Amino acid sequence: MKIPSGTPLTVQQNKLLVDQTTAQGAKQLENGSDSFIARLEDGLKQVANAQNEASSLATNYELGVEQDLAKVMVSQQVSSVAFQLTLNVRNKALSAYKDIMNMPV
């Protein structure tokens, strides 16, 4: 996610996220054959891409290639929030699985 300088980061970041989500949702509605597994894989790939981008920006900042510290910090926060969300979804799914397995038949 590239954020142009000169605009408030949180507003620009939210706008990009909404635009991307809307475009993906429209494309999925057109296809109609998007399965749960495909959506899960796509979500995990997006989290991995966010982490890779944050790592790359941090490395470039340390090497002096990237000059915008705010961009680096926002990228790291996006990566962190995405990972926390993924971890919480996993925990909820595991909890639901355990509840189902403990139900009497």
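Residues numbered from 1 in each chain as written. Predicted model: local features only at pLDDT ≥ 70, side-chain atom pairs only at ≥ 80, totals over all residues. Heavy atoms only, no water.

### Notes on the overall build of the protein chain
- Looking only at helices and strands, the protein chain has 3 helices and 0 strands in total.
- A total of 105 residues make up the protein chain; the buried ones form 13% of that total.
- A sequence separation of at least 24 residues applies to 35% of the contacts in the protein chain between residues at least 6 apart.
- For the protein chain, the exposed area adds up to about 8,300 Å²; of that, 60% sits on carbon and sulfur atoms. (Helix = DSSP H or I, 4+ residues; strand = E, 2+ residues; numbered from the N terminus. Buried < 20%, exposed > 50% of the residue type's maximum accessible area, 1.4 Å probe, protein only. Contact = heavy atoms within 4.5 Å. Areas by Shrake-Rupley, 256 points an atom, 1.4 Å probe, with all protein chains shown as cover.)

### Description of the packing of helix H2 (residues 36-63) against helix H3 (residues 69-101)
- The geometry of H2 relative to H3 is characterised by a closest axis approach of 9 Å and an angle of 150 degrees between their N-to-C directions. Considered as vectors, H2 and H3 are oriented roughly antiparallel to each other. When you trace H2 past H3, the crossing you get is left-handed. Residue-level contacts link Leu44, Val47, Ala50, Gln51, Glu53, Ala54, Leu57, Ala58 and Tyr61 of H2 to Leu69, Lys71, Val72, Ser75, Gln76, Ser79, Ala82, Phe83 and Thr86 of H3.
- Of the residues belonging to the contact of H2 with H3, the class tally is 11 nonpolar, 5 polar and 2 charged. (Axes fitted to C-alpha atoms, helices over the stretch in contact; angles between N-to-C directions. Parallel < 35°, antiparallel > 145°, perpendicular 65-115°, else oblique. Left-handed = near helix turned anticlockwise from the far one by under 90°. Nonpolar A, V, L, I, M, F, W, Y, C, P; charged D, E, K, R; others polar.)

### Observations concerning H2
- An ideal rise of 1.5 Å per residue puts 40 Å on 28 residues; H2 measures up with 41 Å between its terminal C-alpha atoms.
- Every buried residue of H2 is listed here: Val47, Ala50, Ala54, Leu57 and Ala58.
- Contact partners of the buried residues in H2: H3.
- Phi turns positive, to about 90 degrees, at Gly64, one or two residues after H2. (Expected span 1.5 Å × (residues − 1).)

### Structural notes on the environment of Leu44
- Within the element layout of this structure, Leu44 appears in helix H2.
- Taking the C-alpha atoms as reference points, Leu44 and Ala82, 38 residues apart in sequence, are found 9.3 Å from one another.

### Structural notes on the side chain of Ser75
- Looking at the element boundaries, Ser75 is found in helix H3.
- With near-sequence residues (within four places) excluded, Ser75 lies in contact with Glu53, Ala54 and Leu57.

### Some thoughts on a nonpolar patch on the surface
- Together, Leu94, Tyr97, Ile100, Met101 and Met103 give the surface a local cluster of nonpolar side chains, amounting to about 550 Å² of exposed area.
- On the secondary structure map, Ile100 appears in helix H3.
- Accessibility expressed as a relative area gives 54% for Ile100, which makes it exposed. (Patch = residues over 30% accessible without salt bridge, like charges linked within 9 Å, V, L, I, M, F, W, Y side chains within 5 Å. Salt bridge = Lys/Arg side-chain N within 4 Å of Asp/Glu carboxyl O.)

### Considering the side chain of Glu66
- Residue position: Glu66 is located in the loop between H2 and H3.
- Buried charge without a partner: Glu66 forms no salt bridge, and the closest opposite charge is Lys71, 4.2 Å away.
- In this structure the side chain of Glu66 is engaged in a polar contact, spanning 3.4 Å, whose partner is the backbone nitrogen of Asp68.
- Residues in contact with Glu66, not counting those within four places in the same chain, are Leu57, Asn60, Tyr61, Lys71 and Val72. (Lys, Arg positive; Asp, Glu negative; His and termini not counted. Polar contact = N/O pair within 3.5 Å; in protein donor to acceptor, adjacent residues only side chain to side chain.)

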